[in-house]
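Below, each chain spelled out in residue letters.
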Amino acid sequence: MTRVAYQGEYASNSATGAQNLFPGCVELPCTNFEQALDAVTLGAADVAVIPVDNSAAGRVADVHHLLPESGLFVIAEYFLAIHFDLVGVPGASLDQVECVRSHVHALGQCRKVLRTGGWRTLVTDDTAGAAREVAELGDVRHAALAPPAAARHYGLEVLQAGVEDDPDNTTRFVILSRDAVFAPVTGEPTMTSLFFAVRNIPSALYKALGGFASNAVNLTKIESYQMGAGLNPSCFYVEVEGHPDEPDVALALQELRFFSSEVRVLGVYPAHPHRLRERTA
């Protein structure tokens, strides 16, 4: 059975993603992203399922900084539709609620219902953990914004279903493994994740990325961060459409390497069907 690490508690959105990807898997809930990545590195888990972007809230903080240093490889991507229910203890009603707790991203993705209710909010570490806390409190004045599975798992009642602001709310996850499993060239849409550090010369980033533009390679993501203190050159995590063995991508990477002090391919994996549907739409 596949052992899957993720950040969050049982019945969280990450747990749902893990179950969808690896039915019947052994779940390893972790307190934070570092712990989830370490579980794979140390062999306690086979893979980690980690959120990297949300269509409403944007990028997930810290993940892009952690990926290059983890020593792990991206072997797949997965898009999960995100839904939130307002849940409370059995017998509670909406007019009794005074405080709603959840993860900061969930609170930000359900602003309309919170504004309408006029409730006080409390930030928690995890959406499913917020449901657990409400169940432990047993107080009708406390409710949680949590994934649909959380109410069933913790014995709570759904006070209002589907309260997310955007019905198309979606989170993108990456699946990480200790071993590099690069997808072959098949002619099907492929994504490549890269880490690179630019050389400490003027216009290095402009020149490093120029090859993608001149070879018509689509750059879908770029995240910058600083390694260490002082005036060290910036490092970047990027994702591009295409396979490193395809001629256009190979030429772009050749130019990238010329203007970079380090380039590492972190993953080559099939593009998820959701990405293709978005482009068609």
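As a reminder, the structure under discussion sits directly above these lines.
Everything quoted here is computed from the prediction, not taken from an experiment.

(A) Looking closely at the pairing of strand 2 (residues 26-30). Bridge analysis of strand 1 (residues 3-7) against strand 2 gives 5 bridges, and the strand direction is parallel. Note on strand 2: the bridge partner recorded for Tyr 6 is Pro 29.

(B) Expanded view of empty space enclosed by the protein. Under the definition given, this model contains 1 cavity of 30 Å³ or more. The volume enclosed by the largest cavity comes to roughly 30 Å³. Every residue lining the largest cavity is listed: Leu 67, Leu 72, Phe 73, Val 74, Leu 176, Tyr 237 and Leu 266. Considering only residue class, the lining of the largest cavity consists of 7 nonpolar, no polar and no charged.

(C) Looking closely at the packing of aromatic side chains. What the rule picks out here adds up to 3 aromatic pairs. Measuring from ring centre to ring centre gives 6.3 Å for Phe 73 and Phe 182, while their planes differ by 70°; the resulting arrangement is edge-to-face. With Phe 73 in strand 5 (residues 73-81) and Phe 182 in the loop between strand 11 (170-177) and strand 12 (190-198), the pair connects residues that are 109 residues apart, well separated along the chain. A relative accessible area of 39% places Phe 182 in the partly exposed class.

(D) Expanded view of the layout of surface pockets. Approximately 580 Å³ is the volume found for the largest pocket. Counting only elements with at least two residues in the lining of the largest pocket, the list comes to helix 1 (13-21), helix 2 (33-41), strand 3 (47-54), helix 4 (104-109) and strand 11. If you tally residues by element for the lining of the largest pocket, the top one is helix 4, at 4 residues. Its residues assigned to classes, the lining of the largest pocket shows 9 nonpolar, 12 polar and 6 charged.

(E) Spotlight on the packing of helix 2 against helix 3 (residues 63-70). At a minimum axis separation of 11 Å, helix 2 and helix 3 run at an interaxial angle of 20°. Judged by the inter-axis angle, helix 2 sits roughly parallel to helix 3. By crossing handedness, the relation of helix 2 to helix 3 is classed as right-handed. Contacts between helix 2 and helix 3 involve Phe 33, Glu 34, Leu 37 and Thr 41 from the former and Val 63, Leu 66 and Ser 70 from the latter. Among the residues making up the contact of helix 2 with helix 3, the classes are represented as 4 nonpolar, 2 polar and 1 charged.

(F) Examining the pairing of strand 7 (residues 99-103) more closely. Here strand 7 lies mainly inside the structure; 4 of its 5 residues are buried. Summarising the sheet, strand 7 and strand 8 (residues 120-124) pair through 5 bridges and their orientation is parallel. Each residue of the ladder has a partner; that of Ser 102, found in strand 8, is Val 123.

(G) Seen up close, the sheet that holds strand 12. Read across the open sheet, the 4 strands follow the order 13-14-12-15; overall the sheet is antiparallel. Each edge of the sheet is formed by a strand with only one pairing partner; in this case those strands are strand 13 (219-225) and strand 15 (260-270). If you compare each strand with its neighbour and ignore which way they point, the axes differ by 15° on average. The sheet contact formed by strand 12 and strand 14 (residues 235-241) spans 7 bridges and is antiparallel. The partner of Thr 192 across the bridge, within strand 14, is Val 240. Of the strands in this sheet, strand 12, strand 14 and strand 15 are in contact with helix 9 (residues 247-258), which crosses strand 15 at around 150°.

(H) Structural view of the side chain of Lys 221. In this structure, Lys 221 sits in strand 13. At 2.7 Å, the side chain of Lys 221 and the side chain of Asp 53 are in polar contact. In contact with Lys 221, not counting residues within four places along its chain, are Asp 53, His 64, Arg 172, Tyr 237, Val 238 and Glu 239.

(I) Local environment of helix 2. Residues of helix 2 that are buried: Phe 33, Ala 36, Leu 37, Ala 39 and Val 40. Each buried residue of helix 2 sits inside an arc of 150° when the element is viewed along its axis, so together they form one side. Residues of helix 2 that are buried sit in contact with strand 1, strand 2, strand 3, helix 3 and strand 11. Capping the start of helix 2, Asn 32 holds a side-chain oxygen 3.3 Å from the backbone nitrogen of Glu 34, two or three residues further along. Phi turns positive one or two residues past the end of helix 2, at Gly 43, with a value near 90°.

What counts and what doesn't
Along each chain, numbering runs from 1 in the same order as the chain's sequence is written. Totals for whole chains, interfaces and linings use every residue, but because this is a predicted model, local features are given only for residues with pLDDT of at least 70 and side-chain atom pairs only at 80 or more, for both listing and counting. Calculated side-chain values reflect all of the structure's heavy atoms, with hydrogen atoms and water omitted. Two strands form a pair only when DSSP identifies at least two bridges running between them. Strands here mean DSSP runs of E at least two residues long; helices mean DSSP runs of H or I at least four residues long; both are numbered from the N terminus. Put plainly, a pocket is an open set of points on a 1 Å grid over the protein atoms alone with protein on both sides within 12 Å along at least five of seven lines, a cavity is a set where a 1.4 Å probe fits but cannot get out, and a lining residue has an atom within 4 Å of a point. Grid points are joined across faces, edges and corners, and a volume is the space filled by probe spheres set on the points. Under the scheme applied, nonpolar residues are Ala, Val, Leu, Ile, Met, Phe, Trp, Tyr, Cys and Pro; charged residues are Asp, Glu, Lys and Arg; polar residues are all the others, including Gly. Only centres within 6.5 Å qualify two rings of Phe, Tyr or Trp (six-membered ring in Trp) as a pair; their planes then separate them into stacked at under 30 degrees, edge-to-face at over 60, and tilted for everything else. Throughout this description, buried means an accessible area under 20% of the type-specific maximum (1.4 Å probe, protein chains only), exposed means over 50%, and partly exposed covers the range between. Between N-to-C directions, angles span 0 to 180 degrees; the directions come from axes that are lines fitted to C-alpha atoms, helices contributing only their stretch in contact. In what follows, roughly perpendicular refers to angles from 65 to 115 degrees, roughly parallel to angles under 35, roughly antiparallel to angles over 145, and oblique to any angle outside these ranges. Each crossing gets its handedness from the near helix: less than a right angle anticlockwise from the far helix is left-handed, clockwise is right-handed. Contacts are residue-level and defined by heavy atoms, with any inter-residue pair within 4.5 Å sufficient. The term polar contact refers here to a pair of N or O atoms within 3.5 Å; inside protein, the definition further demands a hydrogen-donor-capable atom paired with an acceptor-capable atom, and it admits residues adjacent in sequence only when both atoms are side-chain atoms. Comment: arc refers to directions from the helix axis out to C-beta atoms.

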